[in-house]
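# Architecture and fold: a report
So the chains spell out like this:
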Amino acid sequence: MINFNGEIFSKDTFFLNHNNRGYRYGDSLFETLRVIDKKIIFWEDHYLRLMSSMRILRMEIPMNFTMEFLQEQILSTVAANSNEQNIARVRLSVFRNDGGFYTPNTNDISYIIEVEKLNNSFYTLSKDTYEVELFKDFYVNPDMLSTLKTNNKIINVVGSIFAKENNYNNCLLLNNAKQVVESLNGNIFLVKGNTIKTPPKKDGCLNGIIRKKLIDIISKIEPYNLEETSISPFELQKADELFITNAIVGIQPISKYRKKNYTATVSSDLLGKLNAAAKLT
């Protein structure tokens, strides 16, 4: 079951048409959420990011689009999917209404809420081999639009196909200054000794929620030293650890990049603190 503008429909219902601006122009934003036992994890951060992104894209924010209203809509959609454990992955999409070419006829919006089942209440650390490679066919622009979670994800799609064709679990994206920006599905952190680096938003990385939470967590922990700074591809093989973050997985350690194998000591340390911040422990 899905939620379209507050009304519950079966997943196989056709209610969007060829004029949809999200489909035509990528004129759309989305938030990927983790819901555990009627609690939307880091909901305030997701909501504020969505509101900020809508303003940047000059979308009209409806008067009823409060944090409480959207929370109710999300939880009712989870309940409508008969998810007894209430462990769910939710995608909340917002798009400008039909009409116009590049210039829209209106800035009014519609929304869709989709739900998929998750298996684990906690963020857990995978021990499986996780190998990555650089994706160098196309580059991320280091600007504000790249930091938003829009539907313009063609580089992520093409990069994912490249990864699948070459038996990689993921790829790392570069900006046009040839700096490491992020992975195909999350932010990137690099560990060398007690220093933990992550690219700054000015390099074009997604303004990730888990990125934000870990920056706050790491900044308060001794002996770690957090740096929001550009990361050169040459640093990757000199690192002790690399890990990816996103709202669904939490922390995904990278075990191999080219000839370099990595540990997951810091990832393991941070995972418990992330679960605590999410109040999952």
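## Some details on the nonpolar core
Looking at soluble globular proteins, one finds that nonpolar side chains tend to be buried together. The biggest cluster of nonpolar side chains holds 26 residues, and the ones touching the most others in it are Phe-42, Tyr-123, Ile-196, Leu-214, Ile-218, Leu-270 and Leu-274. Considering every element that reaches this core, the biggest residue donor is helix α6 (residues 209–219), with 6 residues. Leu-57, Val-90, Val-94 and Val-115 belong to the second largest nonpolar core, which has 25 residues in total.

## Thoughts on the pairing of strand β10 (residues 187–192)
When you tally the buried positions in β10, you get 5 out of 6 residues, the bulk of the element. Bridge count between β10 and strand β13 (residues 241–246): 5 bridges; the pairing is antiparallel. Within β13, the position partnered with Leu-190 by the bridge is Leu-242. Here 3 bridges tie β10 to strand β11 (residues 195–198), and the two strands are oriented antiparallel to one another. Bridge pairing in β11 links Leu-190 to Lys-197.

## Side note on the pattern of salt bridges
Inspection of every chain in the model, using the stated rule, returns 11 salt bridges. Across the pair Asp-27 and Arg-96 runs a salt bridge, and its minimum N-O distance is 2.7 Å. Here Arg-96 lies in strand β5 (residues 87–96) and Asp-27 lies in the loop between α1 (21–25) and β3 (28–36), a separation of 69 residues in the sequence. On the basis of relative accessibility, which here comes to 10%, the residue Asp-27 falls in the buried class. On the basis of relative accessibility, which here comes to 7%, the residue Arg-96 falls in the buried class.

## A closer look at the side chain of His-46
Inspection of the secondary structure puts His-46 in helix α2 (residues 43–56). Its relative accessible area of 2% is what places His-46 among the buried residues.

## Considering the packing of aromatic side chains
One pass over the full model with this rule turns up 12 aromatic pairs. Between Phe-4 and Phe-9, the aromatic rings sit 6.4 Å apart at their centres with planes inclined by 50 degrees, giving tilted as the arrangement. The same class applies to Phe-4 and to Phe-9, which are both buried. Put simply, the rings of Phe-135, Phe-138, Phe-162 and Tyr-168 pair up and form one aromatic cluster.

## A closer look at the sheet that holds β5
Taken together, the 6 strands give an open sheet; going across it, the order is β2-β1-β6-β5-β3-β4, and neighbouring strands pair in antiparallel fashion. With one partner strand each, in any of the chains shown, β2 (7–9) and β4 (39–40) form the two edges of the open sheet. In the packing of α2 onto the sheet, contacts are made with β3, β4, β5 and β6 (109–117), and the angle to β3 comes to roughly 175 degrees. Of the strands in this sheet, β1 (2–4), β2, β3, β4, β5 and β6 are in contact with helix α3 (residues 67–80), which crosses β6 at around 40 degrees.

## Looking at the side chain of Arg-96
Among the polar contacts listed, one links the side chain of Arg-96 to the backbone oxygen of Leu-57, at a separation of 2.9 Å. Of note is the side chain of Arg-96, whose polar atom sits 2.9 Å from the side chain of Asn-107. Those residues in contact with Arg-96 that sit more than four places away from it in its chain are Arg-21, Asp-27, Leu-57, Arg-58, Met-59, Pro-104, Thr-106, Asn-107, Asp-108 and Ile-109.

## Observations regarding helix α8 (residues 265–277)
Across its 13 residues, α8 extends 19 Å between first and last C-alpha, which sits within 8% of the 18 Å expected from 1.5 Å per residue. Those residues of α8 that sit buried are Val-266, Ser-267, Leu-270, Leu-271, Leu-274 and Asn-275. Just downstream of α8, Lys-279 is the residue with a positive phi angle, here 60 degrees.

Definitions and limits used
Residues numbered from 1 in each chain as written. Predicted model: local features only at pLDDT ≥ 70, side-chain atom pairs only at ≥ 80, totals over all residues. Heavy atoms only, no water. Core = buried A, V, L, I, M, F, W, Y, C linked by side-chain atoms within 4.5 Å. Buried < 20%, exposed > 50% of the residue type's maximum accessible area, 1.4 Å probe, protein only. Helix = DSSP H or I, 4+ residues; strand = E, 2+ residues; numbered from the N terminus. Pairing = 2+ DSSP bridges. Salt bridge = Lys/Arg side-chain N within 4 Å of Asp/Glu carboxyl O. Phe/Tyr/Trp six-rings, centres within 6.5 Å; stacked < 30°, edge-to-face > 60°. Contact = heavy atoms within 4.5 Å. Axes fitted to C-alpha atoms, helices over the stretch in contact; angles between N-to-C directions. Polar contact = N/O pair within 3.5 Å; in protein donor to acceptor, adjacent residues only side chain to side chain. Expected span 1.5 Å × (residues − 1).

Function cannot be read off these values alone, since they describe shape.
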